[in-house]
Amino acid sequence: MASISCRCGDVVIRFTSDTPRVTTECCCNHCFARVRYLEELEGPKIPFNDTPLMNSKWDNKVHVEKGREKLFAYKMTRETV
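This is a predicted model, so every value here is computed, not measured.

Procedures and definitions
Residues numbered from 1 in each chain as written. Predicted model: local features only at pLDDT ≥ 70, side-chain atom pairs only at ≥ 80, totals over all residues. Heavy atoms only, no water. Helix = DSSP H or I, 4+ residues; strand = E, 2+ residues; numbered from the N terminus. Buried < 20%, exposed > 50% of the residue type's maximum accessible area, 1.4 Å probe, protein only. Contact = heavy atoms within 4.5 Å. Areas by Shrake-Rupley, 256 points an atom, 1.4 Å probe, with all protein chains shown as cover. Lys, Arg positive; Asp, Glu negative; His and termini not counted. Charge placed at Lys NZ, Arg CZ, Asp CG, Glu CD. Phe/Tyr/Trp six-rings, centres within 6.5 Å; stacked < 30°, edge-to-face > 60°. Core = buried A, V, L, I, M, F, W, Y, C linked by side-chain atoms within 4.5 Å. Pairing = 2+ DSSP bridges. Axes fitted to C-alpha atoms, helices over the stretch in contact; angles between N-to-C directions. Polar contact = N/O pair within 3.5 Å; in protein donor to acceptor, adjacent residues only side chain to side chain.

1. Describing the overall build of the protein
Then step 1. Across its full length, the protein carries 1 helix and 5 strands.
Then step 2. Seen in sequence order, the protein has helices and strands lined up from the N terminus as β-β-β-α-β-β.
Then step 3. Projected onto its principal axes, the C-alpha positions of the protein cover 35 × 25 × 25 Å.
Then step 4. Across the 81 residues that make up the protein, the buried fraction comes to 19%.
Then step 5. Taking the intrachain contacts of the protein between residues at least 6 apart in sequence as the baseline, contacts between residues at least 24 apart amount to 66%.
Then step 6. Carbon and sulfur atoms provide 53% of the accessible area of the protein, an area that totals close to 6,600 Å².
Then step 7. One finds the centroid of the 13 positive side-chain charges in the protein at a distance of 5 Å from the centroid of its 11 negative side-chain charges.

Structure, rendered in structure tokens:
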């Protein structure tokens, strides 16, 4: 199974699959706003030159191995579902 963790290692999430359902490149305002927001939360700095962002969509079934109490959901705009 594929996994992802934060830089400090406090959160570890495992996906049910080794590969994403789809991977795309995106240049929309929403994706760049999301990255800027995550940077404000001490996330990694992403260089903003005219390079598209890489987006991977994974199955919704995940296993939180560590740090469930540190996870949260956010809504960028009122229109976001």
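From this point, the narrative continues.
2. As for the packing of aromatic side chains
Then step 1. Tallying each qualifying case throughout the model produces 1 aromatic pair.
Then step 2. Centre to centre, the rings of Phe15 and Trp58 are 4.4 Å apart; their planes meet at 20°, and the pair counts as stacked. Here the residue Phe15 occupies a position in strand S2 (residues 12-15), and Trp58 occupies one in the loop between strand S4 (53-57) and strand S5 (62-66), the gap between them amounting to 43 residues.
Then step 3. With a relative accessible area of 12%, Phe15 lands in the buried category.

3. A few points about the nonpolar core
Then step 1. Counting 5 residues, the largest nonpolar core consists of Cys26, Cys31, Phe32, Val35 and Leu53.
Then step 2. For this core, the element with the most residues is helix H1 (residues 29-40), which contributes 3 residues.

4. Observations regarding the sheet that holds S5
Then step 1. The sheet built from 3 strands is open, its strands ordered S1-S2-S5 with antiparallel pairing. Strand pairing shows two members of the sheet lacking a second neighbour, strand S1 (3-5) and S5, which therefore form its edges. Each adjacent strand pair in this sheet contributes to an overall mean axis angle of 20°, direction not counted.
Then step 2. Pairing between S1 and S2: 3 bridges, direction antiparallel. Paired with Ser5 across the bridge in S2 is Val12.

5. Comments concerning the side chain of Asn55
Then step 1. Mapped onto the fold, Asn55 is located in strand S4.
Then step 2. Residue classification places Asn55 among the buried residues on the basis of a relative accessible area of 8%.
Then step 3. One polar contact links Asn55 to Arg34, side chain to side chain, over a distance of 3.0 Å.
Then step 4. Apart from the residues lying within four places of it in its own chain, the contact partners of Asn55 are Val22, Thr23, Thr24, Cys26, Cys31 and Arg34.

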